[in-house]
Amino acid sequence: MKDNRYSLRALALLLGYPDATLRSHLSELMQAIDQEAAIPAARREELHALAAELNRMDPMDVEARYVETFDRGRATSLHMFEHIHGDSRERGPAMIDLMQTYEKSGLFMAPEELPDHLCVVLEFASTQPAKLAADFLGEMAHILTAIFSALLQRGSPYAAPVAAVLELCGQRVQAVPIVADEAMDDVWQEPEAFDGCSTKGQSKPGEAQPLHFVRKAAASQTQGAPV
């Protein structure tokens, strides 16, 4: 299998937050991708278009678009376990297992980094032999495909680097149906007292739900009662 470590590392950076430091190194990233030639030529053209757009756009617009794309909905989140576990308690042990996988290879995370972020995943993969890297990323192909599809549906140029990751691990790039994200305002909205209570989780949502009141015995009635 063709060596792809520089391409993986470049994609990790390209999918990172587009601050001034990243934008100043875009030409070097694209040069590394072109020299290694592990990514198909047609996809490399799309990556060049993304890099050119990041350089051409107003920096504030570039950064705002990145936040809107990756931090405002689960469908395009770059946190891999967000797509599997969501906010469930299973996510914690999965993160620990992944971190231990990194540490066994001699890689240790910075305190502010999360092991399931795609950029971190790609950085780790870039340190492994090409076959192992492809197998490791291939286990996440269904998640990558879902992210790619959501980005493609939005017309985001960031679909290109995610598609490139799929190609580097030998996976077919194809769009799949995506369930629309629940609006962030709806997710975080607090229900109004009583009338605004959510019907989620009720056995008969949409119907009147009876309230059952249980009278608490007075302390004087229970004192001295036989056990």
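It should be noted that the structure appears before, not after, this text.
Residues numbered from 1 in each chain as written. Predicted model: local features only at pLDDT ≥ 70, side-chain atom pairs only at ≥ 80, totals over all residues. Heavy atoms only, no water.

**Things to note about the nonpolar core**
Side chains of nonpolar character tend, in soluble globular proteins, to be buried together. Selection criterion: Here the nonpolar core consists of buried residues drawn from Ala, Val, Leu, Ile, Met, Phe, Trp, Tyr and Cys, with membership extended through side-chain atoms lying within 4.5 Å. With a 1.4 Å probe rolled over the protein chains alone, any residue whose accessible area is under 20% of its type maximum counts as buried; one over 50% counts as exposed, and the rest are partly exposed. Per the convention used, a helix needs a DSSP run of H or I reaching at least four residues, while a strand needs a run of E reaching at least two, with both numbered from the N terminus. A contact between two residues is defined here by any heavy atoms of the two lying within 4.5 Å.
Of all hydrophobic cores here, the largest spans 55 residues; its most connected members are Leu11, Leu47, Leu122, Phe136 and Leu137. Per-element accounting of this core gives the leading share, 8 residues, to helix 10 (residues 159-168). Contact partners of Phe136, with chain neighbours within four places excluded, come to Leu98, Tyr102, Val121, Phe124 and Ala125.

**A closer look at the environment of Arg43**
Applied cut-off: Pairing of N or O atoms within 3.5 Å defines a polar contact, subject to two protein rules: one partner must be a possible hydrogen donor and the other a possible acceptor, and residues neighboring in sequence count only if both atoms are side-chain atoms.
Considering the arrangement of structural elements, one finds Arg43 in helix 4 (residues 41-56). Given the relative accessible area of 13%, Arg43 is considered buried. It is 9.2 Å that separates the C-alpha atoms of Arg43 and Glu167, two residues lying 124 residues apart in sequence. When residues no more than four places from it in sequence are discounted, the contact partners of Arg43 are Ala160, Ala163, Ala164, Glu167 and Val173. Here Glu46 takes part through its side chain, which lies 3.0 Å from a polar atom of the side chain of Arg43.

**Focus on the packing of aromatic side chains**
Rule in force here: When the centres of two rings from Phe, Tyr and Trp lie within 6.5 Å, Trp using its six-membered ring, the rings pair. Their planes under 30 degrees apart give stacked, over 60 give edge-to-face, and anything left gives tilted.
Scanning all chains against the criterion turns up 6 aromatic pairs. Between the aromatic rings of Phe70 and Tyr158, the centroid separation amounts to 5.1 Å while the plane-to-plane angle is 75°, which identifies the pairing as edge-to-face. Within this pair, whereas Phe70 is found in helix 5 (residues 59-70), its partner Tyr158 is found in the loop between helix 9 (141-153) and helix 10, the two being separated by 88 residues in sequence. Both residues of the pair, Phe70 and Tyr158, count as buried. Taking 4.8 Å as the distance between ring centres and 40° as the angle between the ring planes, the aromatic pair formed by Tyr102 and Phe124 counts as tilted. One end of the pair, Tyr102, is in helix 6 (residues 91-104); the other, Phe124, is in helix 7 (residues 118-125), and 22 residues separate them in sequence. For the pair Tyr102 and Phe124, one class covers both residues: buried.

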